[in-house]
Amino acid sequence: MSYDLKQLFEVVGEVQEIDYRLNLSEYELFGGKPFIRPVVVSGKIENRAGVVTLRYRADFTLRLQCDRCLDEFERNDHVSNEHVLVNKLNTDNDEYILLPDFVLDLDELVLDDILLYLPSKLLCSEDCKGLCEHCGQNLNHGSCDCCKTAEKIVDPRLAALGELLK
Ligand SMILES: [Zn+2]
Ligand SMILES: [Zn+2]
C-alpha cells in the first residue's frame, strides 16, 4: 500500500495507522513462490515534534525447501522495524528513508525488510540431520540401512583417522 504523507509531514502530532494485508503470493524467491499467505502489516506513522517515524510489524508465513534435507517446511515469522522518514536529506545518514514527494511505498519497504531478515541458509530446523550421502534417505525420518551397515563395518583405525580429519 502506498501512503501520501504530505499532511502528516506538515502537522506535528498527526498519526497514520497501518493495518493491511500484503499479497506476495506471486513473488518469486528461492526458486519458488514462498509467500503462501498474505503478510499482515500493522503499525503506525507518527509525526512527533517534526520527526516522522514509521513503526510496524509484519507477520508472514513462508513455505520453503530445506537446504539440507530438501523437505518442504512452513515457517511463521515476523519482522518489526522502525524507520525515520524524511523529505530531504540534510545528513548522510542512510538509515533514513527519503520520500522526495511524501509518498511512502510501504509494500516495497516491508518486502526489503523481510529479505534482509531472512537467513541465507534455510533449514527446516537447527538440528536438521540432512540426507544420507549414500542412499539419499532423509535422516530426519529415521536412519537408513546403509548408515547402520556403515557404522558396523568401519575399521576402528579408519574411524580414528576420520576423527583427526574433522
Ligand atoms: Zn531439513
Ligand atoms: Zn543411506
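Remember, it's a predicted structure, so these values are computed and weren't measured experimentally. Every chain is numbered independently, its residues counted from 1 as its sequence is written. Each chain gets a letter, beginning with A, and each ligand a number, beginning with 1, in the order they are written. Predicted model: local features are reported for residues with pLDDT of at least 70 only, side-chain atom pairs are reported and counted for 80 or more only, and whole-chain, interface and lining totals are derived from all residues. To get the side-chain values, take all heavy atoms of the structure and skip hydrogens and water.

### Regarding the sheet that holds strand 6 (residues 97-98)
As a reminder of what qualifies: Pairs of strands are assigned from DSSP output, requiring at least two bridges between the strands. Counting from the N terminus, the helices are the DSSP runs of H or I reaching at least four residues and the strands are the DSSP runs of E reaching at least two. We call two residues in contact when some of their heavy atoms are within 4.5 Å. Fitted lines through C-alpha atoms serve as axes, helices being fitted only where they are in contact, and the angles separating the N-to-C directions of these axes extend from 0 to 180 degrees.
Strand order in the open sheet formed by five strands is 2-3-4-5-6, with mixed pairing between adjacent strands. Sheet topology places strand 2 (15-22) and strand 6 at the edges, where each strand pairs with a single neighbour. Relative to strand 4 (residues 51-65), strand 3 (residues 39-48) runs antiparallel, the two being bridged by nine bridges. The partner of Arg-48 across the bridge, within strand 4, is Val-51. Running at roughly 120° to strand 5 (residues 72-86), helix 2 (residues 106-117) makes contact with strand 2, strand 3, strand 4, strand 5 and strand 6 of the sheet.

### Observations concerning helix 2
Under the convention used in this document: Multiplying 1.5 Å by the helix residue count minus one yields the expected span of that helix. To sort residues, take the accessible area from a 1.4 Å probe on protein chains only and compare it with the maximum for the residue type: under 20% means buried, over 50% means exposed, and anything in between is partly exposed.
The end-to-end C-alpha distance of helix 2 is 16 Å, a good match for the 16 Å that 12 residues give at a rise of 1.5 Å each. Within helix 2 the residues assigned to the buried category are Leu-106, Leu-109, Val-110, Leu-111, Asp-113 and Ile-114.

### Considerations on the side chain of His-83
To keep it simple, the criterion reads: Polar contacts, as counted here, are pairs of nitrogen or oxygen atoms within 3.5 Å of one another; within protein the pair requires one atom able to donate a hydrogen and one able to accept it, and residues that are adjacent in sequence qualify only if both atoms are side-chain atoms.
For His-83, the location among the structural elements is in strand 5. Reaching out from His-83, the side chain makes a polar contact with the side chain of Asp-113 at a distance of 2.8 Å. The residues touching His-83, leaving out its near neighbours within four places in the chain, are Val-52, Thr-53, Leu-54, Tyr-56, Ile-97, Leu-109 and Asp-113.

### Some words on the coordination of the zinc ion (ligand 1)
The following threshold applies: Only N, O and S atoms count as donors, using a 2.8 Å cut-off from the metal and 3.2 Å for Na, K and Ca, and because water is excluded some sites may appear unfinished. In short, tetrahedral needs four donors with all angles between 85 and 135 degrees, square planar needs four and octahedral six donors with opposite donors over 155 degrees apart and all other angles between 65 and 115, and whatever is left is irregular.
Summarising the metal site, the zinc ion (ligand 1) is bound by the protein donors Cys-66 (SG), Cys-69 (SG), Cys-124 (SG) and Cys-128 (SG), whose distances to it range over 2.3 Å. Each of the four donor atoms bound to the zinc ion (ligand 1) contributes to angles spanning 105 to 112°, and the resulting shape is tetrahedral. Expressed as a motif, the donor residue spacing for the zinc ion (ligand 1) is C-x2-C-x54-C-x3-C. The partly exposed category is assigned to Cys-124, whose relative accessible area is 29%.

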